[in-house]
2 protein chains.
Amino acid sequence: MNIVLLSGGSGKRLWPLSNDIRSKQFIKIFKCKDGSYESMVQRVYRQIRTVDPDATVTIATSKAQVSAIHNQLGEDVGISLEPCRRDTFPAIALATSYLTDVMGVSPEESVVVCPVDPFVENDYFYALKELSEQADKGEANLVLMGIEPTYPSEKYGYIIPESKDKTCFVSTFKEKPTKEMAENYIKQGALWNGGVFAYQLQYVLDKAHELIEFTDYQDLFAKYDSLKKISFDYAVVENEEKIQVMRFAGQWKDLGTWNTLTEAMEENVVGNGILNEVCSGVHIINELDVPVLAMGLHDVVISASPEGILVSDKEQSSYIKPFVDAIDQQIMFAEKSWGSFRVIDVENASMTIKVTLNEGHSMNYHSHKHRDEVWIVISGHGRTIVDGMEQTVKTGDVIQMKAGCKHTVFADSELKLIEVQLGDDISVEDKVKYKL
Amino acid sequence: MNIVLLSGGSGKRLWPLSNDIRSKQFIKIFKCKDGSYESMVQRVYRQIRTVDPDATVTIATSKAQVSAIHNQLGEDVGISLEPCRRDTFPAIALATSYLTDVMGVSPEESVVVCPVDPFVENDYFYALKELSEQADKGEANLVLMGIEPTYPSEKYGYIIPESKDKTCFVSTFKEKPTKEMAENYIKQGALWNGGVFAYQLQYVLDKAHELIEFTDYQDLFAKYDSLKKISFDYAVVENEEKIQVMRFAGQWKDLGTWNTLTEAMEENVVGNGILNEVCSGVHIINELDVPVLAMGLHDVVISASPEGILVSDKEQSSYIKPFVDAIDQQIMFAEKSWGSFRVIDVENASMTIKVTLNEGHSMNYHSHKHRDEVWIVISGHGRTIVDGMEQTVKTGDVIQMKAGCKHTVFADSELKLIEVQLGDDISVEDKVKYKL
């Protein structure tokens, strides 16, 4: 099976765990058998590998997520890099062209496109295989997954099928309805549109060439930022006559709010947390090292990260966005392809950061105009290059770098260091990168 | 007026703001007119100075609190240092002897003894003056403050006066009663015993010499740890015939739990916190730099500090102690006479701390057996002494100290530094102090 996972943008609805640079699909919140935790994207990737070890998985995403994806899934996963965000039609066209032109997949093969963050079981991925096989048959140009509704949701679009058969042609589509309308649709046999569909690559290549003037993947990539923002639904689905829908009745959850996310958690506490016996329906997700103690609460979610602390009634948590938008908080934690960093102290003219480099990785060779830096290696060993001079470093070593000085560090084992930045004008923008 | 403030021990009922080394009276939680915040001890001290600028104030406390007292009240406040905790009779005997033998107060003068942490207005301190003046008259050996009860509390002892006069002799004392008994006492005109009383110094000196063999303050101080633990009530009050009580009808609150403490707060948010419009009766006390967002909560207290995060129904917060006792968390923040420190990162074989030295102060000259240390000055200037060598230091300077090396730093301005400790066996016990 060829599968394209659409990895959407940043979201603030799961603040303080998601923010401008950390999307919800990367939060490690689901307990694995070995006691560790995995993220939505890790869970989905693992499930695909279980159902189809030979699947060609391509993640369509922006530059901002590449580090986190490699960090969580390894270097082998295929990435269709969107130079900028241009909605789903350009993204799917680019990924389709990536599969044929870069990955060498035959245009006659089918591909399944689905979001990276549904909370599902393995049966969902078997259904994706069926979807792909149905697309192979060529009875329709697009085969959608229709999810059996479990309640009259106002959050989803609806697909009205022509019959109650497992697979049949689509009669019509309905936009997000009111509750009453949704109840009506469901009586007519309507299904949720979860944005999951399969097609033969050539079909979308043709559509892309109809709407965009380009020669091949490289060309499409190069002119990506000039493309019009347009959704796949609007550009393709609404104009297509030959669309089938295949029913799916298994578990399918969209974990977009704290309320729905905590429903999917196996345990009430992730991280260092204590609930007293009076608490009911309380979830603690604590990424900090210090404990969270909850007493006498009901249906509340508590989440603490280096970015901040949320304490919310679960229902109320869906109204979080404007409050988080109003918070002017610098990024305190980030995963990078080479490891991670965490801000541990902020003063007027200094900032202290803990940097963790994964074994075999290094940061960019770079300099700063307006700040001096000091590194203290607190664990591991590696090599620094400072203004062209390489030297080995180990735990306890101190490296001082004046403003303007070019520097990097290679981790020969996992390497942790405390970086103290000193200057009146400390900013993430103050960075010049160099080739080594 | 001579006044002895009893500054009690550590408490965990206001965790995470109070802990083993930080007592509730030092939490800065009350808003001042200039927008800054003051602690209970600062508030009481300021109120005494307002009512009686010439008052001789002595704080009876243990060594653990001396740093915090000097840090919050300055160097001029009198401290009767208890070498160890021996309950209220030895503490009051020591403070009394300190006043006569060290401070040179005449034994004929009176003194008022009261806890350091009542939440009261200025009228309370005028009442203390009256209490002292009543003791001066010598009609009784002890003059107690009797607080007009506002509800039939089960938390306090009760004083049954002989009459309803403002000042009269005590008929009897009653232990903490049930609610029904308390209602009965109040009908009989009973008053709360808030542990506030006045006496002529000679009276308690005589009592002390009756019960303890000692010559003077120095001698009493030297043998303090051999003294029996006994309360002032048990040793003195219960055996005394000539006790008067003076009524006090003003505000008097004992802020021992989050529930009572938040009632006394003028604002719902101290520190970086946001309440959505649905919240009611919610208090946020946040000592961290990152925001706390509360949504849809009712009658909840949220408190965050470097030690941890509490989210509790206000009623439930009085049951906090056993949960906090079970938390095995190292001290993450402490106020010292020279400034403060905060743990900002903990790893297996390293710990990173931010140290703030107040201008004109220094830490002890000391060494560690099992760890190396690195200092990076992040603001201010001063002088370090490392193995006897003095050198000036300023922002950006790095000082490396190997295990065994003696070191200290003097702050010539407020001085902040990041201290990285490196070693397999990092412990607060690993410290040898030296004279300079």
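Up top you'll find the structure we're talking about.
Since this is a predicted model, take the numbers as computed values, not measurements.

Engineer: Explain the overall build of chain A to me, please; I cannot follow it from the model alone.
Structural biologist: Within chain A one finds 10 helices and 30 strands. Rg of the C-alpha trace for chain A: 24 Å, near the compact-globule value of 22 Å for 436 residues, within the 12% margin. Over its C-alpha atoms, taken along the principal directions, chain A stretches across nearly 70 × 60 × 40 Å. Across the 436 residues in chain A, those meeting the buried criterion constitute 56%. Partitioning the contacts of chain A with sequence separation of at least 6, the portion at a separation of at least 24 is 65%. Taken together, the 44 basic and 65 acidic charged side chains of chain A have centroids lying 1 Å from each other.

Engineer: Explanation requested: the interface of chain B and chain A in the structure shown.
Structural biologist: Accessible area lost when the parts come together is the quantity often used to give the size of an interface. At the interface, 53 residues of chain B touch 53 residues of chain A. For the pair chain B and chain A, the summed buried surface comes to about 4,000 Å²; carbon and sulfur atoms form 69% of the total. Ranking the residues of chain B by area buried against chain A places L293(B), M295(B) and I309(B) at the top, with a combined share of 17%. Between K416(B) and E347(A) there is a salt bridge; the shortest N-O distance is 3.0 Å. Residue contributions to the side of chain B that touches chain A peak at 6 residues, all from strand β19 (residues 308-313) of chain B. For the side of chain B that touches chain A, the class distribution of residues is 34 nonpolar, 11 polar and 8 charged. As paired strands, strand β17 (residues 292-295) of chain A and β19(B) are joined by 4 bridges and run parallel to one another. What sits directly across from L293(A), in β19(B), is L310(B).

Engineer: Would you mind going over the packing of aromatic side chains with me for this structure?
Structural biologist: Think of a pair of aromatic rings as described by two things: how far the centres are apart, and how the planes are tilted against each other in angle. A full pass over the atoms with the stated rule returns 30 aromatic pairs over all chains. Here the aromatic rings of Y124(A) and F125(A) are separated by 5.0 Å at their centres, their planes lie at 85 degrees, and the arrangement is edge-to-face. Exposure class is identical for Y124(A) and F125(A). Each is buried. Judged by centre distance (5.7 Å) and plane angle (55 degrees), the rings of Y158(B) and Y185(B) are tilted. Linking Y158(B) in strand β9 (residues 157-161) with Y185(B) in helix α5 (residues 179-187), this pair joins segments that are 27 residues apart in sequence. You can call Y158(B) buried: its relative accessible area is 1%. Overall, Y185(B) belongs to the buried group, its relative accessible area being 10%. Taken together, the aromatic side chains of F89(A), F197(A), Y199(A) and F232(A) make up a single cluster linked through ring pairs. Over the aromatic face of Y434(A) sits the side chain of K406(A), whose NZ or CZ is 4.6 Å from the ring centroid.

Engineer: Got a minute to help me understand the environment of R13(A) in this structure?
Structural biologist: All names here are of chain A. By the element assignment, R13 lies in the loop between β1 (2-6) and β2 (30-31). Residue classification places R13 among the partly exposed residues on the basis of a relative accessible area of 37%. Residues R13 and L297, 284 residues apart in the sequence, show an inter-C-alpha distance of 22 Å. Those residues in contact with R13 that sit more than four places away from it in its chain are S18, G256, T257, W258, S318 and I320. Looking at R13, its side chain comes within polar contact range of the main-chain oxygen of S318, at 3.4 Å.

Engineer: Sorry if this is basic, but what is going on with the sheet that holds β17(A) here?
Structural biologist: Taken together, the 6 strands give an open sheet; going across it, the order is β15(A)-β17(A)-β19(B)-β18(B)-β16(B)-β14(B), and neighbouring strands pair in mixed fashion. Across the chains shown, the open sheet's two edge strands, defined by having one partner strand only, are β15 (273-275) of chain A together with β14 (269-270) of chain B.

Engineer: Teacher, can you tell me more about the relation of the copies chain B and chain A here?
Structural biologist: Between the two copies, chain B and chain A, the superposition gives an RMSD of 0.1 Å; the rotation angle is 180 degrees and the shift along the axis is 0.1 Å. Each copy turns onto its partner about a two-fold axis. Scanning chain B for the C-alpha nearest the rotation axis identifies I344(B), at a separation of 2.9 Å. A share of 100% of interface residues in chain B that are also interface residues in chain A marks the association as one of identical surfaces.

Engineer: Looking at this model, I keep getting lost on the side chain of D397(A). Mind explaining?
Structural biologist: Residue and element names in this part refer to chain A. By the secondary structure assignment, D397 is in the loop between β26 (389-394) and β27 (398-401). Polar side-chain contacts of D397 include one of 2.9 Å to the backbone nitrogen of K394. Setting aside anything within four residues of it in sequence, one finds D397 in contact with W375, I376, V377 and T392.

Engineer: Just to check I follow, could you spell out the sheet that holds strand β14 (residues 269-270) of chain A for this structure?
Structural biologist: Strand pairing in a sheet takes place through backbone hydrogen bonds and is either antiparallel or parallel in direction. In spatial order, the strands read β14(A)-β16(A)-β18(A)-β19(A)-β17(B)-β15(B); together these 6 strands make up an open sheet with mixed pairing. A strand with exactly one partner marks an edge of an open sheet, and here the two such strands are β14 of chain A together with β15 (273-275) of chain B. As paired strands, β15(B) and strand β17 (residues 292-295) of chain B are joined by 3 bridges and run parallel to one another. Bridge pairing in β17(B) links I274(B) to L293(B).

Engineer: Sorry, what's going on with the pattern of salt bridges here?
Structural biologist: Any two side chains of opposite charge can pair, on the condition that their charged atoms come close. In this structure the tally under the stated criterion is 38 salt bridges over all chains. Where R85(A) meets E82(A), a salt bridge forms, and the shortest distance between an N and an O atom there is 3.1 Å. Its salt-bridge partner being K223(B), residue D219(B) comes within 3.2 Å of it at the nearest N-O pair. Relative accessible area serves as the criterion here: at 27%, K223(B) is assigned to the partly exposed category. Here the salt bridges do not stand alone but share partners, grouping D345(A), E347(A), K354(B) and K416(B) into one network.

Engineer: Help me out: how do you make sense of the pairing of strand β5 (residues 78-82) of chain B in this one?
Structural biologist: Every regular strand shows the same layout, with side chains that alternate between the two sheet faces. Residues and elements named next belong to chain B. Among the 5 residues that make up β5, 4 are buried, leaving the element largely enclosed by the rest of the structure. Relative to β5, strand β4 (residues 56-62) is paired through 5 bridges, and the arrangement is parallel. Pairing of I59 across the sheet is with I79, part of β5. Following the chain from β4 across helix α2 (residues 63-73) to the adjacent parallel β5, one finds a crossover that is right-handed.

Calculation notes
Residues numbered from 1 in each chain as written. Chains lettered and ligands numbered in written order. Predicted model: local features only at pLDDT ≥ 70, side-chain atom pairs only at ≥ 80, totals over all residues. Heavy atoms only, no water. Helix = DSSP H or I, 4+ residues; strand = E, 2+ residues; numbered from the N terminus. Rg over C-alpha atoms; globule rule 2.2 N^0.38 Å. Buried < 20%, exposed > 50% of the residue type's maximum accessible area, 1.4 Å probe, protein only. Contact = heavy atoms within 4.5 Å. Lys, Arg positive; Asp, Glu negative; His and termini not counted. Charge placed at Lys NZ, Arg CZ, Asp CG, Glu CD. Buried area = accessible area lost by both parts, 1.4 Å probe. Salt bridge = Lys/Arg side-chain N within 4 Å of Asp/Glu carboxyl O. Nonpolar A, V, L, I, M, F, W, Y, C, P; charged D, E, K, R; others polar. Pairing = 2+ DSSP bridges. Phe/Tyr/Trp six-rings, centres within 6.5 Å; stacked < 30°, edge-to-face > 60°. Lys NZ or Arg CZ within 6 Å of the ring centre and 35° of its normal. Polar contact = N/O pair within 3.5 Å; in protein donor to acceptor, adjacent residues only side chain to side chain. Least-squares fit on C-alpha atoms with pLDDT ≥ 70 in both. Right-handed = clockwise from strand over helix to strand, strands pointing away.

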